[in-house]
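Inside the fold
Listed below are the residues making up each chain.
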Amino acid sequence: MRFIKAVLSCTLLVGMSVAHAAPKDPGAQSASPIPVIQAVLTSPPWVPPPTQRKQPAKVVVELEVIEKEMPISEGVSYTFWTFGGTVPGSFIRVRQGDTVEFHLKNHPSSKMPHNIDLHGVTGPGGGAASSFTAPGHQSRFTFKALNEGIYVYHCATAPVGMHVANGMYGLILVEPPQGLPKVDKEYYVMQGDFYTTGKYREKGLQPFDMEKAIDEKATYVLFNGAEGALTGEKAITAKVGETVRLYVGNGGPNLVSSFHVIGAIFDEVRYEGGTNVQKNVQTTLIPAGGAAVVTFKAKVPGSYVLVDHSLTRAFNKGALAILKINGEEDKSIYSGKEVDEVYLGDRAQPSLAAVTTATQAAAAGTLTKDEQIKAGQQLFAGTCSVCHQGNGAGLPGIFPPLAKSDFLLGDLRRTIGVVLNGMSGKVTVNGTEYNSVMPPMNQLNDDEVANILTYVTNSWGNTGNPVSAADVKKVRAAKGVAKAESAH
Ligand code: CU
């Protein structure tokens, strides 16, 4: 539905963009008889239509900086600074040789001054010095798009790293004079790293953490500014047989992206956004402040996961998105059977709303056992079910069962310790010996461990009292003491 709307609005805008708008300055018209066109700007993941122009034009771009609070993850919000109200900012599309009249507005509600440095500009600061704009003001500068390519733009107001970390970046495409080869689908995807005072997925409004940013210790690494911006209902789509072109940028401010689509090979990459084409690429490096254009044909239906192949960023900091390809199977290419959960974990779930509800209830002191169980069920699906299975039965001879497990239910403190610290070696569960490794799950916070264990101890025939975050905290603290003591 969202896509249909976008297509409709794009169609209208194409109609508008080919009409030659009346020049604003009669003097300029006599000096330069080129048409004046209002640029079509789109929000991610949409891309404006091709310019389809044989001649250069004067293109007027009007971009507004808006500072606004938006979700960064389920139950987590962040005060983003945006170009056009989105992260990344509006996509701008012009043609090589165009003269771009750039209007930068800074919304009156803004608290900070901002400016813009476009990497597609030839001139000091890329426009930064000419575009410094206080809240409630606007500025204007003009540049000629001399070089074709896909270019990052970003705010360059001090502290620059902070402005960029708050989401102030986007892409401008400068088409070659002959345009780009026609494709069926074009999408706009941009990676960025984010630094919050709270831990990953810690609920509530999270402020920016300058110290973490300086240390380059990202809390989140994201495509299009939010965890889940391009998954579930918001996944980008294509049909079997269609050619997909992704304009992939990296706003940084700090991290370099190893951009990869799991299960796809890029037929062509315009690496570093330049003119050369590299063919048959698995993973392409996108520097901070850089971009690439990747193109591939959709051949086999299913969910394709876009990741930064620095994989803990994908699976522990949010850097994943979905391209859903619909259509007929081709068993000669791939035998089939799709399981999203293999890669997606809890992001395959439609929503983690129950986790948010439980966290809020815990903070308010009203948390019920039922809320814990519901939250725990969602978290279990992403973290634990891979080995212990969705029905808690484990895998015979490999992973022990949790359903009616004497080991699990016998000593709850020990069980909390196993979740936090992991376990390896032999263990006997219900009379059967298992010898496998459980990795420590200490990335989970106390609330999450408590909710998962409340779910586990009250499912598949298990019955027990709720596990509290305080119980988990005690076990975690005891481990900390033990570590400190063993260090002496
Ligand atoms: Cu700024």
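Residues numbered from 1 in each chain as written. Predicted model: local features only at pLDDT ≥ 70, side-chain atom pairs only at ≥ 80, totals over all residues. Heavy atoms only, no water.

1. Focus: empty space enclosed by the protein
This model, assessed by the stated rule, comprises two cavities of 30 Å³ or more. The set of elements that each furnish at least two residues to the lining of the second largest cavity consists of β8 (149-154) and β9 (169-175). When its residues are assigned to classes, the lining of the second largest cavity shows six nonpolar, one polar and two charged. (1 Å grid on protein atoms, 1.4 Å probe; cavity = no way out; pocket = protein on both sides within 12 Å on 5 of 7 lines; lining within 4 Å. Points joined across faces, edges and corners; volume = space filled by probe spheres on them. Helix = DSSP H or I, 4+ residues; strand = E, 2+ residues; numbered from the N terminus. Nonpolar A, V, L, I, M, F, W, Y, C, P; charged D, E, K, R; others polar.)

2. Digging into the pattern of salt bridges
Tallied over the entire structure, the rule returns 12 salt bridges. In this structure, Lys 58 engages Glu 101 in a salt bridge whose closest nitrogen and oxygen atoms are separated by 3.1 Å. Of this pair, Lys 58 sits in strand β2 (residues 58-73) while Glu 101 is found in strand β5 (residues 99-106), placing the two residues 43 residues apart along the sequence. Here Lys 105 and Glu 62 are joined by a salt bridge, their closest N and O atoms 3.0 Å apart. Of this pair, Lys 105 sits in strand β5 while Glu 62 sits in strand β2, and the two are 43 residues apart along the sequence. Under the relative-accessibility criterion, Lys 105 is labelled partly exposed at 26%. (Salt bridge = Lys/Arg side-chain N within 4 Å of Asp/Glu carboxyl O. Buried < 20%, exposed > 50% of the residue type's maximum accessible area, 1.4 Å probe, protein only.)

3. What to know about helix α11 (residues 412-421)
Of the positions making up α11, those classed as buried are Thr 415, Ile 416, Gly 417, Val 418, Val 419 and Leu 420. For α11, the capping residue at the N-terminal end is Asp 411, with a side-chain oxygen 3.2 Å from the backbone nitrogen of Arg 413. (Polar contact = N/O pair within 3.5 Å; in protein donor to acceptor, adjacent residues only side chain to side chain.)

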